[in-house]
Amino acid sequence: MRPFTIILVLALLLSGRFTLQAQPVQSYNTLTGNILAAESRKPLPAAVLEIVELGVRTATNEAGEYRLRVPASAARQVTLRATYVGRQDVEVPIKLVADAETRRDLQLPLRSLALADVQVNATRSGQQVSNSTITLGREAIEQTQAYSLGDVLQLLPGKVLLNTNLQGAQAITLRSAPVVTRGTDQTAAFSQNNAFGTAIIVDGATWGNNGNLQADDPGRRGVIGSFSVPDNSRGGDYASGSYAGSSLDLKQIPANNIESVEVIQGVPSARYGDLSSGAIIVNRQAGRTPYRVSTRTQSGTTELTASKGIGLANGNALNVSGTFVNSNPEPQFKTKAFNRLTLGTIYTAQFGPARRHRNSLAFDAHSTLDDARTDPDDQDTRRTYSRDQRLALSNRGTLNLLRPWSEYVSYQFGASYSYQDTYHYRFENQQVKPVSDAMTTGISRGSFTPGVYDVEQRIIGRPLNLYARADNTLFWATGAWSHTLTGGVSVSYDRNLGAGRLFNPLRPITSVQANVDGKGTRPFDFSSVPGMVQAGAFLENQVVRQWGPRRLVANLGLRYDNQNGFSTLAPRLNAKLFLSEALQLNAAYGVSAKAPGLIHRYPGLLYFESPLLVSFNGRENESLYLVHTQVVNPANPNLRPARARTLEVGMNVRSRRGYALSVTAYRKQDEDGFSVNQRRLQLELPEYRLASPVPGQPPTAEPTGQQRVYSYNYGVVENNLRTTNYGLELLVRTPKLRALQTSFDLSTAYTNSYFLSAGRLTYTRKDPLSAEFRDIEQVVYQQADRNGQSALSTVSSTTHLSRLGLVVTLRGQLFWGSWSSRREPFEYAQGFYRPSGQYVAVSRAEQQNGAYQNLRNPIDQEEERQPFVYGNLHLRLAKELGKLARLSFFANNFLNLRPEQFNRDTQVLTVYNQNPTFGSELVLTF
């Protein structure tokens, strides 16, 4: 889009002249009061106050006093929310008096199971900027007994409740149905794109994965395949503890100091960029809190945590927290244990007149402490470890200026630096094989592996991220319309300074994979990869208009991003129409973009080795390996950002008695996703023969005068992937039924996902062909599209006996159905290669005639359906022992519901649901 067009759109957004004549705000209404501790009536400094409809925030001073300005045009009614770490949030409607000061004092009770209302499930309040925001509060996190952010997110609609597993990288996908064919997940590229496009935002700072290059050599595993994390839970193949090309590893984010989590599955605020699948916003504890020590255990996993929020002078606070986790759920396999140490501090301070300047400085450090381990029963004496260490420093602040041109200014800047080290050792005892370490294109002499040798392979990455953001918020009005306008800019820089892949190509893992399809392994220096810069700007206008009991709240946003030189203009709209206090209608539309990571653009060089002459007689000094090495760079620095368009409609219903219903329908279209397109490398090379050998002398080779064609396939990451997701989400909540002291929650999610890659796949056909096509070497097909559907309900009953400080939660999940398939239109050959390298395209008319029937892909039509409806049941119990201790217990699938299905065709037995798992937690507060 041309610059003048961007300027025009921004001008229309700001002026408001397309509806009403703009005019300055003539007056403000003032909302003041005190925030007190409910049990002691003492002031709470640094409590956060927010006008929900306008997004305006402030904090209390050391005396617990607050002061908020509200435009006179929004004087009829606003919603005030007060929050303080360790205390229950309070949200109240307030009717303001025009041109006057309104006072409202609030008392915040300590969070406790003795309170009348305790929410342990995911909720949708309908007040956030994004219509699709789902909130998980502290009590829900506590009741989940989560070890990491990944465990917390299992409470989202449509997510399966699983046993904690810290043995591999944890990623998150939002609103995406899995596609499973023949018992294997076939959606690696699709799920990786979804997870990679989900932003993880911790205390306002994006914890991204753009600079992660911790992937296996694409010469061994292919481009996308090298991103995957093999299962190493049983001492298996080379495994990385990271997940390049996907989301940040969620198991590295502990849950013990998380105050709340907001999950935006639909259209986010224009404030957030570099995303395509939504955002997960983590708010950690910041403020004065008591000492808290806890220990938690579950099936070989133990966690110890400690935290304290220290109150300082002038209402300032210092929060310190630490977590240690040891996990080895299968002690018989000694090679795979996980240890994590996490430390975090947040210093919160208020400065200036009336404490209008609020600043938080956070420092975080984590380290996985795994060391090399050897399984004594492993004949290959494999030894592996994966270490991940991260340091992060971030600073954010808000300055309330209370000026017509600026209500408040917010800013954020910081840096993170990680050290990632993946190591694998293996003892090799195999037959002698030819190898080469040539790093340039040309013919060279190789060598031979000894029969017995040690293999050491290592990947060292050092991702670095720098970022800064600043924005300004002001009020203005057009007649009876109230506007909260926010504009800001952001910039980020990602690079990897690691030594990279440290392999000895002369000592490969021959028994696992060596010179597959002619591809050899070589070292790759990550620091040679150029860094990536992103810059963005946004304008957002939150509009409020009220007609009697009806109210319209619309958030109009426009975001501009420049990612790797590509510009994206992303309009976003979230609108809420309150027909009454009980009925709310929602609609949203938005565009977003996610830049490719360094791993997509620069996966590493490929080395194709064509053996021209191999002669080995048992004595290396009388043997010869003559090889041609072709260096191919699969980098694609011109990858465009992946783009997504989302449309949502919904309805929220709330009764005065406490019943709540939320329905959301959505459709999301992703384009320019990252997937692999296969390319063909054709080499015509001279043939060689041995010259007359001389005993005891290195042999020589001479050309025969003949040529030979060598053909190879390789992959390049391109913008080939298209994904369409649509579905329906239903959330129902009842109030506590006094007779049973129990409330009920229901969440149901239906998801339909369609995946299509425009890339090509090339297969060597081994089945007999007709005489006319026997000289076909390889057949080319367009990648098949896939379709998946799933329907899952979670029903929760929460029995809360406040006098006893007891909460018992039963969560049952019903798996209504899961269906996946590959579609027929892509079973036909698009073309084929002859041994000479000639490519012959097959037209659409020719694809279905009799002569080409043998080229049809026989595995294309696949379908898999869930054979029956099944369920499981999970128990959570928490009991407060006075004010000092809290004891919790959980049991997953405690009835051991594990239905089975045996497929006679494939001879595969499928067992649904996991084994029963039990765990407990003790929390001491003083």
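Before any of the text, the structure's been laid out above.
One structure accompanies this document, and this report is about it. (Residues numbered from 1 in each chain as written. Predicted model: local features only at pLDDT ≥ 70, side-chain atom pairs only at ≥ 80, totals over all residues. Heavy atoms only, no water.)

## Remarks on the overall build of the chain
(1) Moving on: Within the chain one finds seven helices and 53 strands.
(2) Moving on: Split by element, the accessible area of the chain, about 38,400 Å² in all, is 55% carbon and sulfur. (Helix = DSSP H or I, 4+ residues; strand = E, 2+ residues; numbered from the N terminus. Areas by Shrake-Rupley, 256 points an atom, 1.4 Å probe, with all protein chains shown as cover.)

## Some details on the packing of aromatic side chains
(1) Moving on: A full pass over the atoms with the stated rule returns 16 aromatic pairs.
(2) Moving on: Between F448 and F616 the ring centres are 4.9 Å apart and the planes differ by 45°, which places this aromatic pair in the tilted class. You can see F448 sitting in strand β26 (residues 447-448) and its partner F616 sitting in the loop between β36 (606-615) and β37 (624-632), a full 168 residues away along the chain.
(3) Moving on: For F448, a relative accessible area of 7% puts it in the buried group.
(4) Moving on: On the basis of relative accessible area, F616 is assigned to the partly exposed category, the value being 38%.
(5) Moving on: Plain terms: the ring middles of F815 and Y870 are 4.6 Å apart, the flat faces sit at 10° to each other, and that makes the pair stacked. Note that F815 is positioned in strand β45 (residues 806-822) and Y870 in strand β49 (residues 870-881), a separation of 55 residues in sequence.
(6) Moving on: Accessibility expressed as a relative area gives 9% for F815, which makes it buried.
(7) Moving on: Y870 gets classed as buried once you look at its relative accessible area, which sits at 13%. (Phe/Tyr/Trp six-rings, centres within 6.5 Å; stacked < 30°, edge-to-face > 60°. Buried < 20%, exposed > 50% of the residue type's maximum accessible area, 1.4 Å probe, protein only.)

## Examining the side chain of D249
(1) Moving on: Within the secondary structure, D249 sits in the loop between α5 (218-221) and β14 (258-264).
(2) Moving on: By relative accessible area, D249 is classed as buried at 7%.
(3) Moving on: A distance of 2.5 Å separates a polar atom in the side chain of D249 from a polar atom in the side chain of K251. (Polar contact = N/O pair within 3.5 Å; in protein donor to acceptor, adjacent residues only side chain to side chain.)

## Describing the pairing of strand β28 (residues 463-478)
(1) Moving on: In terms of strand pairing, strand β23 (residues 406-429) meets β28 through ten bridges, oriented antiparallel. When the sheet's bridge partners are listed, Y411 is paired in β28 with A470.
(2) Moving on: Here 16 bridges tie β28 to strand β29 (residues 481-496), and the two strands are oriented antiparallel to one another. Paired with Y467 across the two strands is S492, which belongs to β29.
(3) Moving on: Counting the residues that bridge the hairpin from β28 to β29 gives two residues, and of these G479 lies at a positive phi of roughly 65°. (Pairing = 2+ DSSP bridges.)

## As for empty space enclosed by the protein
(1) Moving on: Tallying each qualifying case throughout the model produces 14 cavities of 30 Å³ or more.
(2) Moving on: There is about 170 Å³ of room inside the largest cavity.
(3) Moving on: Forming the walls of the largest cavity are 19 residues, and the residues nearest its centre are N193, N194, S277, D670 and T723.
(4) Moving on: When contributions to the lining of the largest cavity are tallied by element, the ones reaching two or more residues are α4 (188-196), β39 (660-690) and β40 (701-733). (1 Å grid on protein atoms, 1.4 Å probe; cavity = no way out; pocket = protein on both sides within 12 Å on 5 of 7 lines; lining within 4 Å. Points joined across faces, edges and corners; volume = space filled by probe spheres on them.)

## Focus: the environment of R708
(1) Moving on: As for its position among the elements, R708 is in strand β40.
(2) Moving on: A C-alpha to C-alpha distance of 6.2 Å links R708 and P686, two positions 22 residues apart in sequence.
(3) Moving on: Apart from residues lying up to four places away in sequence, R708 is in contact with L683, E684, L685 and E687.
(4) Moving on: Separated by 3.5 Å, the side chains of R708 and Y710 make a polar contact. (Contact = heavy atoms within 4.5 Å.)

## Digging into a nonpolar patch on the surface
(1) Moving on: A cluster of nonpolar residues, Y291, V293, L881, L884, L887, L922, L924 and F926, forms a patch on the protein surface that exposes about 700 Å² of accessible area.
(2) Moving on: Elements supplying a minimum of two residues to the nonpolar patch: β16 (289-298) and β53 (917-925). (Patch = residues over 30% accessible without salt bridge, like charges linked within 9 Å, V, L, I, M, F, W, Y side chains within 5 Å. Salt bridge = Lys/Arg side-chain N within 4 Å of Asp/Glu carboxyl O.)

## Observations concerning the sheet that holds strand β12 (residues 198-202)
(1) Moving on: Across the sheet, five strands lie side by side as β9-β14-β15-β12-β13; this open sheet has mixed pairing. In this open sheet, the two strands that pair with only one neighbour each are β9 (133-136) and β13 (205-206).
(2) Moving on: Pairing of β12 with strand β15 (residues 278-284), which is carried by five bridges, proceeds in the parallel orientation. If you follow V202 over to β15, its bridge partner there is V282.

## Quick look at the nonpolar core
(1) Moving on: Judged by nonpolar contacts, the single largest core of 28 residues is most densely connected at L31, I35, I51, L68 and L80.
(2) Moving on: Taken together, the elements giving at least two residues each to this core come down to β1 (28-37), β2 (48-51), β4 (65-71), β5 (78-83), β6 (90-94) and β8 (106-108).
(3) Moving on: Here this core spans two domains, and each of domain 1 (2-108) and domain 2 (134-925) adds at least three residues to it.
(4) Moving on: If near-sequence neighbours (up to four positions away) are discounted, L80 is found in contact with L31, L49, E50, I51, Y66, L68, V90, E91, V92, I94 and L106.
(5) Moving on: Core analysis: the next-biggest nonpolar cluster, separate from the first, contains 27 residues, I172, W207, V263 and I280 among them. (Core = buried A, V, L, I, M, F, W, Y, C linked by side-chain atoms within 4.5 Å. Domains from an automatic or database assignment.)

## Comments concerning the pattern of salt bridges
(1) Moving on: What the rule picks out here adds up to 37 salt bridges.
(2) Moving on: Its salt-bridge partner being R292, residue E142 comes within 2.8 Å of it at the nearest N-O pair. Of this pair, E142 sits in helix α2 (residues 138-144) while R292 sits in strand β16; the two residues are 150 residues apart in sequence, bridging distant segments of the chain. An identical accessibility class is assigned to E142 and R292; each is buried.
(3) Moving on: Here E609 ties to R522 by a salt bridge, and the two come within 2.7 Å at their closest N and O atoms.

## Considering the sheet that holds strand β3 (residues 56-59)
(1) Moving on: The strand order across the open sheet formed by four strands is β3-β2-β5-β6, and the pairing between neighbours is antiparallel. Of all strands in the sheet, those with a lone pairing partner are β3 and β6, marking the two edges. Adjacent strand axes in the sheet meet at a mean angle of 20° when their direction is disregarded. (Axes fitted to C-alpha atoms, helices over the stretch in contact; angles between N-to-C directions.)

## Side note on the environment of L730
(1) Moving on: Tracing the backbone shows L730 in strand β40.
(2) Moving on: Residue L730 is classed as partly exposed on the basis of its relative accessible area, which comes to 25%.
(3) Moving on: For the pair formed by L730 and P157, sequence separation is 573 residues and the distance between their alpha carbons is 8.2 Å.

## Description of the environment of S321
(1) Moving on: Its location among the elements puts S321 in strand β18 (residues 317-327).
(2) Moving on: On a C-alpha basis, the gap between S321 and V293 in space is 9.7 Å, while along the polypeptide they are 28 residues apart.
(3) Moving on: Not counting residues up to four positions away in its chain, the partners in contact with S321 are N256, N257, A306, S307, T342, L343 and G344.
(4) Moving on: At a separation of 3.3 Å, a polar atom in the side chain of S321 contacts the side chain of N257.

## Here we look at unusual backbone geometry
(1) Moving on: One non-glycine residue, Q741, adopts positive backbone phi at about 55°.
(2) Moving on: At N893, a residue that is not glycine, the phi angle is positive and equals roughly 50°.
(3) Moving on: Residue position: N893 is located in the loop between β50 (885-892) and β51 (900-903).

## Some remarks on the pairing of β50
(1) Moving on: Here β50 lies mainly inside the structure; six of its eight residues are buried.
(2) Moving on: Pairing of β49 with β50, which is carried by seven bridges, proceeds in the antiparallel orientation. By the bridge assignment, A878 is partnered in β50 with S888.
(3) Moving on: Connecting β49 to the antiparallel partner β50 that follows it, the hairpin turn spans three residues, and G882 within it adopts a positive phi of roughly 70°.
(4) Moving on: Direction of pairing for β50 relative to β53: antiparallel, over a ladder of eight bridges. By the bridge assignment, L887 is partnered in β53 with L922.

## Observations regarding the side chain of T798
(1) Moving on: Within the secondary structure layout, T798 lies in strand β44 (residues 786-801).
(2) Moving on: Given the relative accessible area of 3%, T798 is considered buried.
(3) Moving on: Setting aside chain neighbours within four positions, we find T798 in contact with V120, N121, Q741, T742, S743, V807, V808 and T809.

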